Amino acid sequence: MAAVLAPDRADILYHAYEGGGVEVNGPSVLVRKNIGTSVSAFGNYYVDNVSSASIDVVTQSGASAYTEERTEYSVGGEYLHDKTIMSLAYTSSSESDYEAETASFNVSMDMFGDLTTVTLGYALGNDIVRSNADPTFEDTIDRRNYRVTLSQILTKNTILGFTFETISDEGFLNNPYRSFRYADGSGGYAWESERYPRTRTSNAAALRLRYFLPHRAAVYGGYRYFDDDWDIRADTFDVGYLQPFREDWLFDVYYRNYSQSAAFFYSDLFNGIDEFKYQGRDKELSTFSSQTIGVGVTYEFTRNKWQAIDRGTLNLYYDTIFFDYEDFSDLTQTGFPLGQEPAYSFTANVLRLFVSIWY
């Protein structure tokens, strides 16, 4: 038995996110095509249409919602030789004030009677950061990603997966529009542009398990640990259940819990403009947690070959995410003493609707 390439397939996706004053939506199209028995190529087109009146936009600048569009293109290919698959990919994304390019290389090998699959990967990214508020501003970010993945069939009903990755970033790592707040000495506060370290190294390890039940059902779950040299520590737990119904339907119910500690240079309110060398107030660097409850349904509208289509599915997934921040204040709530404003929280909804066609 030798490794095989993924089959010819096309996916058309519509995605939508709404929460915290931010709306993101857009289409995505992915096409994969095999060339002979040893080569496979793919291309992806992805769009984010963003409308944001987030708490940062409202409280820091007093601006109304702004709109933005991000366009992403990806191309890649795979080469199969016996039990080894080598792959190359290139991704380019662009928006008015940010450009990103990433190239990646992976090697995957089946071994030990095809019960074990080991994948080694490397990615190199180069980003350009600009500011629409300051046409003279421009900076760069260099990214490196190293990862190893192990997939192991434990029993006829159980699959175990393990992934470890290290990411190294260097350059302008903060947002040119974002500010931190500090006490101005008169009982109020003022704003100043954030200052971040120009390097960041992070590590993440994830363990996933899937167990197949009678009647074609399955349960799955996982744990992921993350840390970096900004003192952020994060834990992610998730669990889910898959249940087929008749021959054409598949239902998916899942739950995810995420929690993290704050970066060493984060504070909701600093004592002064130069209290520390690095100062930031990005809520994503604060102490916070989130819980996701999601459901998905897949309908297989053709199981037998129909003209040029071998198989097709219609898929709908809907998530509700609850975000709770421990040390990031909701400054839209007025009338509270300085530093005693209530903590910020919000709920987001995510919709994914896509069609998958094998041909």
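Shown above is the structure to which this text applies.
Source: prediction; values computed, not measured. Counting from 1, residues in each chain are numbered in the order their sequence is written. Only residues with pLDDT of at least 70 are given local features in this predicted model, and only at 80 or more are side-chain atom pairs given and counted; all residues enter the totals for whole chains, interfaces and linings. To get the side-chain values, take all heavy atoms of the structure and skip hydrogens and water.

Undergrad: What's the story with the packing of aromatic side chains in this structure? I'm lost.
TA: Remark: the centre distance and the inter-plane angle together describe each pair of aromatic rings, the angle taken between the planes. Each pair of aromatic rings taken from Phe, Tyr and Trp, with Trp reduced to its six-membered ring, is defined by centres within 6.5 Å and is described as stacked if the planes are under 30 degrees apart, edge-to-face if over 60, and tilted in the remaining cases. The final tally for this structure, using the stated rule, is 24 aromatic pairs. Their ring planes at 45° and their centres at 5.3 Å tell us that Tyr-45 and Tyr-73 sit as a pair that is tilted. Of the two residues, Tyr-45 sits in strand E3 (residues 39–52) while Tyr-73 sits in strand E4 (residues 66–81), which places them 28 residues apart along the sequence. The exposure class assigned to Tyr-45 is partly exposed, which follows from its relative accessible area of 33%. Using a relative accessible area of 48% as the deciding quantity, one classes Tyr-73 as partly exposed. Helix and strand assignments come from DSSP, with helices taken as H or I runs of at least 4 residues and strands as E runs of at least 2, each series counted from the N terminus. Remark: exposure states derive from per-residue accessible area (1.4 Å probe, protein chains only) relative to the maximum for the residue type, with buried under 20%, exposed over 50%, and partly exposed in between.

Undergrad: Looking at this structure, I do not really get the environment of Gln-152. What am I missing?
TA: As for its placement among the helices and strands, Gln-152 is situated in strand E8 (residues 138–155). Exposure remark for Gln-152: the relative accessible area of 21% places this residue in the partly exposed category. Contacts are residue-level and defined by heavy atoms, with any inter-residue pair within 4.5 Å sufficient. The contacts of Gln-152, once residues within four sequence positions are left out, are Leu-115, Thr-116, Thr-158, Ile-159 and Leu-160. Think of a polar contact as two N or O atoms within 3.5 Å of one another; within protein, one of them needs to be a possible hydrogen donor and the other a possible acceptor, and neighboring residues in sequence only count if both atoms come from side chains. There is a polar contact of 2.4 Å between the side chain of Gln-152 and the side chain of Thr-116.

Undergrad: For this particular structure, what's the right way to read the environment of Leu-173?
TA: Structurally, the position occupied by Leu-173 is in the loop between strand E9 (158–171) and strand E10 (179–183). The spacing of Leu-173 and Asn-315 is 142 residues in sequence and 36 Å in space, taken between C-alpha atoms. Residue contacts for Leu-173: discarding those within four places in its chain leaves Ile-141, Tyr-196, Pro-197, Arg-198, Thr-199, Arg-200 and Trp-230.

Undergrad: How should unusual backbone geometry be read in this particular structure?
TA: The phi torsion of most residues other than glycine is negative, and most of the peptide bonds are trans. Its identity is not glycine, yet His-215 carries a phi of approximately 60°, on the positive side. Within the secondary structure, His-215 sits in the loop between strand E12 (199–212) and strand E13 (218–228). Judged by its relative accessible area of 70%, His-215 is exposed. Of note in the backbone geometry, Asp-231 takes a positive phi value of approximately 75° without being a glycine.

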